[in-house]
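# Architecture and fold: a report
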Amino acid sequence: MPLRLFNTSSRTKQEIDVSGEEVTIYACGITPYSPSHIGHARQAIAFDTLVRWLRFQGIRVRYVTNFTDISDTIIDASKKEGVDFLEVANRHISDYRISMNRLNVLDADAYPRVTESIEGIISMIETLVKKGHAYLAGDGVYFEIDTAPEKYGRLTGQTLEMVRSGAGGRVASTGAGKRDHRDFALWKIAKPGEPSWDSPFGRGRPGWHIECSAMVHEHFGHQVNIHGGGSDLMFPHHEAEIFQSECCFNVEPFARHWMHNGMINVDGEKMSKSLGNFWTVSDAIDAVGPMVLRYALVNAPYRQPIDFNQVLLDDAEKNHGRLIESIISAGGVSIARQWSDIESLKNAEDSLIRGMDDDLNTRVAIAEMQSVVKMLRQANSSQDHSVASACVGWLSAYAGDVLGLLPDEESLQRMVGQASERRDEIREKVESFIAMREEARSERNWAEADRIRDVISELGVVIEDGESGTIWRMKDL
RNA sequence: GCACGAGUGGCAGAGUAGCUAUGCAACGGACUGCAGAUCCGUGUACCCGGGUGCAAAUCCCGGCUCGUGCUCCA
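Residues numbered from 1 in each chain as written. Chains lettered and ligands numbered in written order. Predicted model: local features only at pLDDT ≥ 70, side-chain atom pairs only at ≥ 80, totals over all residues. Heavy atoms only, no water.

## Observations concerning the overall build of chain A
A count of helical and extended segments in chain A gives 15 helices and 15 strands. Dimensions of chain A along its principal axes, counting C-alpha atoms only, are 95 × 50 × 35 Å. When burial is assessed residue by residue, chain A has 52% of its 477 residues classed as buried. For chain A, the proportion of contacts with a sequence separation of at least 24, taken over those separated by at least 6, is 74%. (Helix = DSSP H or I, 4+ residues; strand = E, 2+ residues; numbered from the N terminus. Buried < 20%, exposed > 50% of the residue type's maximum accessible area, 1.4 Å probe, protein only. Contact = heavy atoms within 4.5 Å.)

Spelled out as C-alpha cells, the structure:
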C-alpha cells in the first residue's frame, strides 16, 4: 500500500506514484546568507522523513535539494563583512550540513548550487524568451504572466485578479522594468561591483525562481515526482516554477506532487529576526541536544504549525529521555531482528505503518513508539530479556531507522555495548555496596543505607529496590 | 480585503459517524523504611448555533476566533 501524501496542488491526500524506477524528490533548500534556523531544520526533517519512509519500504528514491548561493541577501551580507559572496555562502552551507548531520538528516543524493547551474538557467531563459513567455527590460528579463494566465493559482487558489487587487501598493514598487507587477524576474542585470555572469541578456545573475526550475530539469528532466519546501514558498516561488518549467518544456504537470511543511512560530509569534525571537539550529541543539530537537519537530505532523517554546522542549526532552533510558536500561540484550510473534509489538507496527502511510503521520508513529517504550520499561522492570530484546529491535527499526531519533544500529549496539562494558567494570564494586546496604537495611539502619546509596549514586548508578531484590543501572550512557 | 488552513481534556497532539488514541502533568490507591521503577484506578475533551442520521468531535449550513500567505523567507 503506497504512501498517501497530501498534494498541495489538489488539496487532497493522494497516493504517490511509485511505478517508475525510482521516486524523484526535489526540495527547495536554503539561501545561505545567515546561520540556519530551526525552520530550516523542520523542512529538512520533513523531507528526510519522507525519504526514510520510502527507503524503509524498499522503494528507490533519488532526493535532491539545492543551495541558493547567490542572492540579494548574500550580496548584502558579503558587503557588510567585506568578503566575497561565496565565502559567506560556503560558511553557511557548511554550518547547515553539519547541523543537519547532527539531526540525523540523511545526506541528499545531490546538492546543486545556483552558481554551478548558470548554463542551464540561461538556456531556459533563452527558450522562454524565444517562446514569447519572457521579455527583456532595461534591468533584466521577466516572465510575462499574461502568456499563461491559466496557470495562476495552481497552489494557492488565487487568481490574477485577486493578486491585482490585493496586496495594496506593496507589490507595485518592485522590479522597475516589469510590464505588470505580477511578472517576475528571470535574470537581473548586475549593478557595478555585484557578482555577475555573462549572458545573452547582459551580465547579471539569475532571479530566484528560475534556478530551481533549472536544477530540477538538470537532475530529473521534465518532470519530478515530488517537489516541495516550506509552505511559505508556495507563492510566489513554486507557482513561478510551474510557469517556467511548464512553459519552457511543454509539460504538465511539472511536479506530480507538491509537498509543503508547516511553519514554526516562537512563543506564539512568527519567528523573525526583527522580533528577536530567532532560534538558530545550533542554539537549539546546544540547548537540548540534536535528538531532542528532532523529537520536538516530528512530534507534530509535518504540515501542522509548531509553536516552539520551553514547554515543547521540556516535553520532548522528557519523552526522548524515556526512549533512550529504556534502551540503556535493557543493558546488553541483543537486538532482536523480528518481533511479530509478540502481538502487541505487531499491532504497534501495523498501526505505525498505517499512520506513516497516511501522509507521514509521525505523531501516530510516536504514539506507537511510546507504547513500545512503556512495554520495554516493564520488561526491564520484570527482567524479561526476550521481550526486552524484541522491543529494542522494534525501536531500533522505527524510532531509529524511520523516525531518525536514535543513532544507527551499529552505533546503538556500540552505545548499549559501552553501557554494558562500563557496567561490567564497576559491577563488583556496586554489588558489594549493595550487599553492604542490604545488611544495613536488614538492621533497619536507614541512615547508613541511604549513605551507601549516595556513594553508589556517585558512581553514576541508580538503584531501585524491587520485589526481586535491588536492581541497578547506569544513570546515563 | 482576497486565498489557504486550524479550533479536541492542565499541556502537546491523534482520531472523518458508533469501540480506552498516545505521552507528559495532576489526583487516589497498591508496593516501598525512604526513594525510584512498576501496577491498578480517577477526570463527564471535542469553539458556538442550527441541520441530516438510530447514532456526530467526525457530514451539511451559518457564525465566532486564531494562524499563515498575498513582499525576501524553510
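## Some words on the pattern of salt bridges
Pairing between side chains of opposite charge can happen when their charged atoms approach one another. Going through the model one piece at a time under the given rule, you end up with 30 salt bridges. A salt bridge links Arg427 to Glu431; its shortest N-O distance comes to 3.5 Å. Here the residue Arg427 and the residue Glu431 both occupy positions in helix H14 (residues 409–442), the gap between them amounting to four residues, near one helical turn. Through salt bridges that share partners, Asp72, Lys188, Glu194 and Arg205 make up one connected network. (Salt bridge = Lys/Arg side-chain N within 4 Å of Asp/Glu carboxyl O.)

## Considering helix H1 (residues 38–56)
Helix length check: H1, at 19 residues, gives a terminal C-alpha distance of 26 Å against a target of 27 Å (1.5 Å per residue), a fit within 8%. Taken from the residues just after H1, Gly58 is the one with a positive phi, measuring 80°. (Expected span 1.5 Å × (residues − 1).)

## A closer look at the domain arrangement of chain A
Looking at the assigned domains, one finds that chain A contains domain 1 (16–275), domain 2 (309–406) and domain 3 (424–477). Each of domain 1 and domain 3 has a C-alpha centre, and these two points are 60 Å apart. (Domains from an automatic or database assignment.)

## Looking at the environment of Ala185
With respect to the secondary-structure elements, Ala185 resides in strand E7 (residues 184–189). Exposure remark for Ala185: the relative accessible area of 15% places this residue in the buried category. Separated by 79 residues in the primary sequence, Ala185 and Ile264 have C-alpha atoms spaced 29 Å apart. When near neighbours in sequence (up to four residues on either side) are disregarded, Ala185 contacts Val141, Tyr142 and Gly207.

## Section: unusual backbone geometry
For the bond running from Phe235 to Pro236, omega is 0°, close enough to zero to count as cis. With respect to the helices and strands, the residue Pro236 is situated in helix H7 (residues 234–249). Residue Pro253 is bonded to the preceding Glu252 through a cis peptide linkage, with omega at 0°. Within the secondary structure layout, Pro253 lies in the loop between H7 and strand E10 (255–261). Residue Asn250 is not a glycine yet carries a positive backbone phi of 55°. With respect to the helices and strands, the residue Asn250 is situated in the loop between H7 and E10. According to the relative accessible area criterion, Asn250 is exposed, its value standing at 63%. The backbone phi angle of Arg444 is positive, close to 55°, even though this residue is not glycine.

## Notes on the pairing of E10
Of all seven residues making up E10, six are buried, and the element is well covered by its neighbours. Pairing analysis gives six bridges linking strand E9 (residues 224–230) to E10, with the strands arranged parallel. When the sheet's bridge partners are listed, Gly228 is paired in E10 with Met259. The parallel pair E9 and E10, bridged by H7, forms a crossover whose chirality is right-handed. (Pairing = 2+ DSSP bridges. Right-handed = clockwise from strand over helix to strand, strands pointing away.)

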